[in-house]
Amino acid sequence: MITNAIKHDDLPESRGRRHKASAKTDGLLVRCTKRNPFITSTKIKEVQNLDIDTSTIRKRLLEANLKVSRPRKVPLLNKKHIQKRIQFAQDHQEWPIEKWRNML
């Protein structure tokens, strides 16, 4: 009787449904994300041809302590912005270091 209790004590407790993604798939997701940090879960699913939901992919990445975020779309610089940046650089090219420290 005591030996049976000890045997069952050593086994890990498992409750709930099994993961659809295996440990091998989780490793694949982590490698793919580390290679390209700005890839979306939808893109990972397409590229790896996985049969799991995108929310599951995000959950697995969170469990692996990887940041799960959507890449921000930033507008490109147009010609007007480029001209203003060049003009600013030319106007302030002669500033001494002490003046730049005050700015920062």
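Structure first, text after, so check above.
Note on numbering: residues in each chain are counted from 1, in written sequence order. Local features are withheld for residues below a pLDDT of 70 in this predicted model, meaning they are given only at 70 or higher, and side-chain atom pairs are given and counted only at 80 or more; totals for whole chains, interfaces and linings count all residues. The basis for every side-chain value is the complete set of heavy atoms in the structure, and neither hydrogens nor water enter the calculation.

Visitor: Got a minute to help me understand the nonpolar core in this structure?
Guide: Note on terminology: a nonpolar core comprises buried Ala, Val, Leu, Ile, Met, Phe, Trp, Tyr and Cys residues joined through side-chain atoms within 4.5 Å. With a 1.4 Å probe rolled over the protein chains alone, any residue whose accessible area is under 20% of its type maximum counts as buried; one over 50% counts as exposed, and the rest are partly exposed. Of all hydrophobic cores here, the largest spans eleven residues; its members are A21, L29, V30, C32, I39, I44, L50, I52, I57, L61 and L66. Secondary structure elements follow DSSP: runs of H or I of four or more residues count as helices, runs of E of two or more count as strands, with numbering from the N terminus. If you list the elements that add at least two residues to this core, you get helix 2 (23–35) and helix 4 (54–63). In contact with I57, not counting residues within four places along its chain, are L29, S41, I44, K45, L50 and I52. By definition, residues are in contact when any of their heavy atoms lie within 4.5 Å.

Visitor: Please explain helix 5 (residues 79–91) as it appears in this structure.
Guide: Along an α-helix, residues three or four apart share an orientation, since each turn contains 3.6 residues. Along its 13 residues, helix 5 runs 18 Å from first to last C-alpha, staying within 8% of the 18 Å computed at 1.5 Å per residue. One side-chain oxygen at the N-terminal end of helix 5 lies 3.2 Å from the backbone nitrogen of K80; it belongs to N78. The span you would expect from a helix comes to 1.5 Å times its residue count less one. We define a polar contact as two N or O atoms separated by no more than 3.5 Å, with the added condition that, inside protein, one atom must be a possible hydrogen donor and the other a possible acceptor, whereas residues neighbouring each other in sequence contribute only through side-chain atom pairs.

Visitor: Explain helix 2 here, please?
Guide: Here helix 2 is 13 residues long and its end C-alpha atoms lie 18 Å apart, about the 18 Å a rise of 1.5 Å per residue gives. Among the residues making up helix 2, those that are buried are T25, L29, V30, C32 and T33. Looking straight down helix 2, one finds its buried side chains confined to an arc of 165 degrees; they lie on one side. Projecting away from the buried face of helix 2 at angles above 90 degrees are the exposed residues A23, K24, K34 and R35. Looking at the buried side of helix 2, the elements it contacts are helix 3 (41–48) and helix 4. To obtain the arc, one takes the directions from the helix axis to the C-beta atoms.

Note that all results are geometric; they support no functional claim without further evidence.
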